[in-house]
Amino acid sequence: VAQWGMAQAFGRAVRMLTYVVSVFAASGVSYTEYVATRWVSPAAGPPDWPVLPESLSGGFLGVAPGVHDSEAGAYVASTGSVWFLNEAQSLVDLNISGRFTSFCGRGEYVATIGPAQNSSNIALHRCQPGCSVVATLTAQHAAACAVDSSGTLVLGTDTELLLFQDGQATRLLKGNFTAVDITPERIVAAATDKLHFLSPKAQRWEWVSSAPTGQGGPTDPGPLPSVSIDPKTGWLVLGGNELSLVDPAGSFRRMGPRARQPVNATVAVSALGGLVWAGGPHGVVMTKQGPATQLHWRYFSGPRYLPPGAVLGVAAVGFSAVVATTEGLAFLRSEEWSLEKKAAHYVEALPRQDRHGLLNGCRMTKFGDLSTCVPRTSDNDGLWTSLSVASTALEYNTTRCPAAKQRLSRHLQGMRNLLEITGVPGLPARSLCSSAEAADCVAGGGTWHNSTVSGWEGWIWKGDTSSDEIVGHMFAYNVVYDFASDTDADREEIAKIVDAILSNIVSEPFPFSLVDITGAPTTWGRWDPTTLNENRDFSDGRGLNSVQILSWLLLGHKVTGKESYLHHFSALSTDHGYSANMLNLKIEWPEDDNFSDDELTFLPYFTYFSSAGAAEARLDLDVWRPAVASIQRTFDIVADERSALWGSIALSCWDYFSRHEGLSVPAVAVDTCSTPLSDRRHSIVEGIQWNLETWPLSLIDWPVENSLRQDVRLNHESQRNRGSTPISFHVLPANERSQFRWNDDPHHLDGGSGVTETDPGAFSLPYWLSRSFQLLPFRSTTVGALGGNGDGLPFEGHMI
C-alpha cells in the first residue's frame with residue numbers, strides 16, 4: 001500500500017494545481033443551467049429523445065467517470081456491454097461484451113466483473129482509445145470494485161478486500177464488502193460491519209450502524225450501497241438511506257431532513273470538484289461539500305431531467321453528471337447561461353404557439369412530443385398574448401432590434417383582431433377561430449358568435465368577455481404607448497383603441513360595465529359602484545376591480561388628454577370610496593386566496609403608477625397615497641412567492657413614484673402594517689434573479705411529484721379550508737415545480753401532464769421589465785467557466 005501511495009504523489013500535486021487554476025478561471029460569471037438529454041429504448045420516450053443502442057437496452061449496471069479518446073465522460077455498462085458517453089453526448093461502443101454483474105471505471109480504465117462457477121471473473125481494460133484487456137483475475141463472489149486513474153484496482157468480495165496493482169494481487173482485509181473507492185491517496189471500503197480507511201501512512205475504521213441490532217456508528221445503517229472519494233478535495237460521500245458526508249479530517253455528518261436533503265434512499269453517489277451527486281428511487285440530488293447547516297440542494301426528478309425508472313448509478317463529469325436509471329440514461333450538462341440567452345431561447349417557441357397572432361401555448365397529442373403541439377383557443381387569448389406584447393415592446397425599447405419590432409407588430413395585430421372581429425366598439429373577444437377551427441372551438445365550450453364584420457365572414461368569436469381580457473389589453477397598450485411607439489401615428493393608434501374600450505365601459509346605460517354584443521354587461525366585466533360596493537357576490541373583487549378601473553381612467557387621460565376620464569376617476573375615488581377599496585384588495589383567507597386575481601392586480605398596478613404622473617397636477621386629490629399603501633400591503637402578502645413578475649412590477653411602480661418631483665416617500669408610506677418597498681429592494685431583486693434563473697428551459701409541463709420530499713413544510717391550513725392538493729409554505733425553484741403562469745399557485749407540490757407547452761410570457765415580461773428599469777446587473781454575453789460566488793462551483797441552488 002505504501003509503494004502504491006508514493007507512486008501517485010506527483011500526480012496529486014499536478015491535479016490540485018489544475019483544479020486551483022480552473023477554480024480561479026471559473027469565478028465571476030452569471031449562472032449555471034443544467035440541460036438534460038435523455039436516452040431511452042425505442043418508443044419509450046418523445047421522438048426528440050435519443051434512442052439507446054440495443055445492447056444497452058437490456059438492463060443497466062451503472063455508470064462510472066472516465067476518459068476516452070482524450071474526452072471526459074462516463075462509462076456506461078449493461079449486463080452485456082460497455083459503452084462510453086462523452087461530453088459531446090455521443091455514445092461510443094467500446095467493444096467490451098460478455099456477461100457482467102458489476103463494473104467500475106475511472107480515467108482510461110474500466111473493469112468488468114462476470115459470473116464464473118463459485119467465483120467471479122474480473123477483466124481490467126485500458127481504452128486509449130481502443131480498449132484492450134491488460135489484466136485478468138478470479139475472485140470469490142466479487143461484489144464491488146473501484147479503479148484509479150493509473151489502473152490500480154481494488155476489489156471487494158464477500159470475504160476479503162483485494163488490491164490489484166502491476167499484475168499482483170494483495171489481500172488487504174477480511175470481511176464482507178459492499179462498496180469501495182480508490183484514489184492515489186487512499187482506499188475507502190465499506191464492509192457490512194465497518195467502514196475502512198487505508199492510506200500509505202495509516203489504517204483506521206469506523207463502525208457501520210446496524211438497524212437489526214440497534215448498534216450505532218457514525219454512518220447510516222449498513223450495508224452501505226456506494227462510496228465515493230472526491231479526488232480533488234478529499235471529501236468522502238456515503239450512500240444509504242440518508243446521505244453522509246465525511247470531511248478530509250474524518251468528521252462524519254449524516255444529511256437527511258436536518259440538512260434539508262430533498263429525498264433519501266441514495267443508492268449511488270459520485271463526488272468531484274466540490275460537488276456531491278446522489279441518486280435513488282426518486283431521482284438525483286446535488287449539493288456542494290460543506291457544513292451540513294449551510295448546504296443548498298438541487299433536485300432533478302421526473303421527465304424534465306431523467307428517463308423513467310429508479311436511479312441505478314450517477315457519475316460526476318466536471319460540473320455535469322451522467323445518470324443511469326432502470327430504463328435509460330441522462331446527461332445533466334452544466335452550461336454557462338445569461339438571462340439574455342434564456343430570453344432568446346424562449347423566442348424559438350413562439351412560432352409553434354402562434355395562432356392568428358395570438359399566443360396561448362400549445363397542446364400535444366403525444367407525451368412530450370413538441371412536433372404534435374397545436375395552439376388552442378382559450379378563455380383569455382388576449383390576456384396571455386398581452387404579456388408577450390408588453391415584453392416584446394420593452395425588448396424593442398431596450399435593444400431596438402428589428403426582429404423584436406416584427407414580433408411586436410404581429411402579436412399586437414392579433415390583439416387588435418380580437419377587438420375588430422366583434423363589431424362592437426371597444427369590446428374585445430375572448431378568442432377567435434377560423435371556419436376550419438370552428439367545430440373544435442365550439443366543442444370546447446363558451447359563448448360563440450358568428451362575426452358579421454366585413455372581412456371576417458366565416459369566423460367565430462368567443463363572447464362574454466371578462467375583466468381578465470380588459471386587464472391584459474389595457475396593460476399591453478399602455479406599455480406599447482410608453483415604450484415602443486416610434487411615431488405620433490403609433491401613439492394615436494393606441495390612444496384610439498384605449499378610448500374605444502373605455503368609452504364602452506363608462507357609457508350609459510350601463511356605466512362602468514363592459515357591454516357585450518347582447519347589449520347587456522358581461523358576467524365579469526363590472527366596475528360600477530353598485531356592484532362593487534353593494535353586491536355580496538362581488539365582494540372578492542371590490543378592491544381588485546377598483547384599482548383596475550382607476551388605472552384605466554388614468555391611462556385614458558394620459559393617451560387621449562380627455563378631462564372626462566379624470567372626472568370619472570375623481571368621482572369613483574372620493575364619492576364611491578374606490579381609493580379606500582384599493583387598500584385591502586388582496587384576499588388572504590386560504591379558501592379564497594385567488595392567484596389569478598394577483599395577476600389581475602399587479603398588471604393594473606403598473607398601468608396606474610405609469611399613468612398617475614400625467615394626472616396628478618390636474619386632480620384635487622392625492623393619486624399616490626392610496627396606491628402606494630395598496631401595493632405595499634399586497635406585495636407583503638405575496639413576497640414569499642419570490643415572483644419575478646410581482647417583484648419587477650412592484651419595483652418599477654416604486655420607481656415611477658419615487659422619481660415624481662415634490663413627493664416625500666415617508667409621507668406617503670402610511671400603511672404601518674406593511675414594509676415600504678424601498679426598504680426591501682435588495683430582497684426583491686434577489687427574488688427576481690432567483691426566479692428568472694430557475695425558470696425551466698423547457699416550457700412543457702413535465703409531471704413533478706414534490707409531496708414526497710422531506711425538505712418541504714406542508715401548509716395544512718389549505719387542507720383545513722377545503723383544499724385537496726398538498727402545498728408548501730415556501731415555494732420551490734421554478735425548475736422543480738410545474739407552475740408556468742402567475743395565475744396559478746406556486747406552492748403546489750405535484751402536477752403536470754407532459755402534454756402542454758406554455759407561452760414564455762411569465763418569464764419574458766419580468767425579464768424585460770427588469771432590463772428596462774435596470775433592476776438587475778445584466779451582461780450582453782457570458783464569459784468564463786461555471787460559477788457564481790467565486791468558488792468555481794455552480795450556483796447556490798436553494799435553501800428552504
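All values derive from a computational prediction rather than experimental measurement.

What counts and how
Residues numbered from 1 in each chain as written. Predicted model: local features only at pLDDT ≥ 70, side-chain atom pairs only at ≥ 80, totals over all residues. Heavy atoms only, no water. Phe/Tyr/Trp six-rings, centres within 6.5 Å; stacked < 30°, edge-to-face > 60°. Helix = DSSP H or I, 4+ residues; strand = E, 2+ residues; numbered from the N terminus. Buried < 20%, exposed > 50% of the residue type's maximum accessible area, 1.4 Å probe, protein only. Lys NZ or Arg CZ within 6 Å of the ring centre and 35° of its normal. Disulfide = S-S within 2.5 Å. Pairing = 2+ DSSP bridges. Axes fitted to C-alpha atoms, helices over the stretch in contact; angles between N-to-C directions. Contact = heavy atoms within 4.5 Å.

A. Broad picture of the packing of aromatic side chains. In total, this model carries 29 aromatic pairs according to the counting rule given. For the ring pair W49 and W702, a centre distance of 6.1 Å and an interplane angle of 40° mean the geometry is tilted. Highlighted residues: W49 in the loop between β1 (31-40) and β2 (60-68) and W702 in the loop between α18 (681-694) and β37 (704-705), separated in sequence by 653 residues. Accessibility classification places W49 together with W702 in one group, the buried group. On the basis of an interplanar angle of 85° and a centroid distance of 4.9 Å, the ring pair of F300 and Y305 is categorised as edge-to-face. The burial state of F300 is the same as that of Y305; both residues are buried. The ring of W690 has R642 lying over it, and the distance from NZ or CZ to the ring centre is 4.0 Å.

B. Highlighting the state of the cysteines. The tally for this structure, following the rule as stated, stands at 4 disulfides. Each disulfide pairs two cysteine sulfurs, and for C104 the partner residue is C145, the sulfurs being separated by 2.2 Å. On the sign convention where negative is left-handed, the bridge of C104 and C145, at about -120° about the S-S bond, is left-handed. Of this pair, C104 sits in strand β6 (residues 102-106) while C145 sits in strand β10 (residues 142-147); the two residues are 41 residues apart in sequence, bridging distant segments of the chain. Considered together, C104 and C145 belong to a single accessibility category, that of buried residues. Here C433 is linked by a disulfide to C441, with a sulfur-sulfur distance of 2.0 Å. Residues C433 and C441 are joined by a disulfide whose S-S torsion is about -90°; by sign, that bridge is left-handed. Of the two residues examined, C433 and C441, each falls in the buried class. Taken in sequence order, the bonded cysteines of the chain link in the pattern 1-4, 2-3, 5-6, 7-8.

C. Region of interest: the sheet that holds strand β27 (residues 320-325). Read across the open sheet, the 4 strands follow the order β1-β28-β27-β26; overall the sheet is antiparallel. Only two strands of the sheet have a single neighbouring strand rather than two, namely β1 and β26 (311-317). The average angle at which neighbouring strand axes cross in this sheet is 20°, direction not considered. Across 5 bridges, the pairing between β27 and strand β28 (residues 328-337) is antiparallel. Residue A324 lies in a different strand from β28, and its bridge partner there is L329. In this fold helix α3 (residues 339-347) packs onto β1 and β28, with an angle of close to 125° to the strand it touches most, β28.

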